[in-house]
Amino acid sequence: MAIIFFVNPIGDFPLNDDWHYAYPVKTLIETGEYHLHSYFSPNIFLQVIWGYIFCLIPNEFSFTYLRFSTLVAAIFCGFVFFQIIRSQKNCSFYESLFLTIFFVFNPLFFSLSFSFMTDVPFLALCLSSLFFYKRYIEQAKVQDRILGGCLAIAALFIRQPGVLILIVAELSILVFFFFRQKKERRSLQSMLQSKAVFSFFISLFIAISIYFFIELFLKPWLGVGEYYISVGGEYIESLKNPKLFIFQFAKRSLMTVFYMGHFCLPLAAVFFEKIKQNNLRQKWLFGMVILFNILITYVLYKSEYIFPYGGNIFYNLGLGPVLLKDIYVLDLPIGFEVPNLMMICFGLVCQILGCYIFIWLGKKVYQALRSPLQNQFFLMLVLINLVYLGAMMIFSYFDRYLLLLFASILMIVFFETSQKSINQYKSFIVLTFLFGLFSIFGTKDYLTWNRVSHSAYEALISEGIDQQKIDAGLSKNGFEGTINEIETKHEYILSFNKLENYEVVKSIDFYRWLFFQKDQILVLKKQR
């Protein structure tokens, strides 16, 4: 609670893209009707209901209430993650707790917990679904399987890939059933006539039926179908250009490897212990990984593609996208940045670690496939992530899409016994502490400058200035319905930088905790 109080989620202003999802909550509170006024992909229905409940208690709309709704979902998500880790036979209570702290205070998860983005609520339902599917695999209780499926369907009502959790989990259960039957030398006919096959097709039918119910009936019935970008349609369209499809998938797969090295950096000592145990320390392998990453770094540098590659949540040394016009549209410097050379070197370290993580993971999968019945949940988890990422990486690619993979890798770390206790890895404890500080200070800075920008906007409105004449950044413009900030030359602009043909009429100071320095938001007015 002290950390939440310090970061301070209070303020009626949007962050990142959460204005898309907040608008229907606002219309439900104010008019009792579900309306959209922008285009996006996620289903968001369940998230809107969740946010509506938190706004219904005080009976007014505010982004503050929406952020608290996400914080509650984040706490629940951390609890479920802890339960999954704790269920591993070789993981102690304190190891589970510390790994959960690492997960919760990871910059990606922590920052998103203070917004109304779909990522954290969706992850909470996905992990809950996986928890019950894991229990079903271990205890064979039907109610756990039903709960796992229902939670995956609930995730579908936030993001379409939630349906994949159900389909892949049920397919995995069916495949494991066939392995058991084959081991018992049952005939193919008896396998196909079993309840397991019937259960799979029932689950598949339910999943597909609900998916198309949402697409063909629910969205048109609410009158919002025109605002949704068809995920299935876009995916099919992308397949019409196989070369581009393969290139985009390969490029984003590589970025996924590098990002995992970044997210898991505090666990470097743990992973290299795993690498040592799995005989992956050969000099030729190390040389190939180093050479490959140096070449990739050089190509990225020549392409002016500097780590963290404009990921969305991460940018240079900060958290959260800067959506004011001078940064987002004009690509001017924000002022508080680490030199590119340092980011390139840091990125190279993350790339090397990421490559080793996936080499180790690949060997784990190979070993698990040799005895699939002893590694059912692990193989299910791997398959779910492969299918999920395959769906998510085609249209656009953001670092926040990797939360499920990040959580899964942390789970996988403790699927096997370790020669050392996690508490013996001093570097893990130190780096987790530093990551936590970065998360707290970076998130606080992000909310602070957005709060200051919102105050400047409200001050202009109170002076009688038409909101159509104010460029307050993509998030605020989008929420207020004045999104044409690129095409329109506004009379007033909120900015970090001075702009040509605009004069500074006001500057508002604020403090950046990441740099222990003052910064300012400028209110600019177009010169006559």
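As the structure is a prediction and not an experimental result, all values here were calculated from the model. (Residues numbered from 1 in each chain as written. Predicted model: local features only at pLDDT ≥ 70, side-chain atom pairs only at ≥ 80, totals over all residues. Heavy atoms only, no water.)

Moving on: the overall build of the protein. When its secondary structure is counted, the protein shows 21 helices and four strands. A compact globule built from 528 residues should have a C-alpha radius of gyration of about 24 Å, and the protein, at 24 Å, falls within 12% of that. Relative to its 528 residues, the protein shows a buried fraction of 56%. Sequence-distant contacts in the protein: of pairs separated by 6 or more residues, those separated by 24 or more amount to 74%. Carbon and sulfur atoms form 64% of the exposed surface of the protein, whose accessible area is close to 24500 Å². On the protein, the mean spot of the 44 positive side-chain charges and the mean spot of the 36 negative ones are 14 Å from each other. (Helix = DSSP H or I, 4+ residues; strand = E, 2+ residues; numbered from the N terminus. Rg over C-alpha atoms; globule rule 2.2 N^0.38 Å. Buried < 20%, exposed > 50% of the residue type's maximum accessible area, 1.4 Å probe, protein only. Contact = heavy atoms within 4.5 Å. Areas by Shrake-Rupley, 256 points an atom, 1.4 Å probe, with all protein chains shown as cover. Lys, Arg positive; Asp, Glu negative; His and termini not counted. Charge placed at Lys NZ, Arg CZ, Asp CG, Glu CD.)

With the rule as written, the count across this model stands at five cavities of 30 Å³ or more. Of the voids in this model, the largest cavity is the one considered here, and its volume is about 130 Å³. Residue lining of the largest cavity: 17 residues in total, with Pro14, Asn450, Ala472, Ser475 and Lys476 positioned closest to the centre. Contributions of two or more residues to the lining of the largest cavity are made by α20 (426-462) and α21 (474-480). In terms of residue count, the dominant contributor to the lining of the largest cavity is α20 (six residues). A per-class count over the lining of the largest cavity returns 10 nonpolar, six polar and one charged. (1 Å grid on protein atoms, 1.4 Å probe; cavity = no way out; pocket = protein on both sides within 12 Å on 5 of 7 lines; lining within 4 Å. Points joined across faces, edges and corners; volume = space filled by probe spheres on them. Nonpolar A, V, L, I, M, F, W, Y, C, P; charged D, E, K, R; others polar.)

Spatial ordering of the open sheet is given by β1-β2-β4-β3, a layout of four strands whose pairing is mixed. The open sheet has two edge strands, β1 (470-471) and β3 (502-512), and neither has a second partner. Where β3 lies against strand β4 (residues 517-526), 10 bridges are found, and the strand directions are antiparallel. If you follow Tyr511 over to β4, its bridge partner there is Lys518. (Pairing = 2+ DSSP bridges.)

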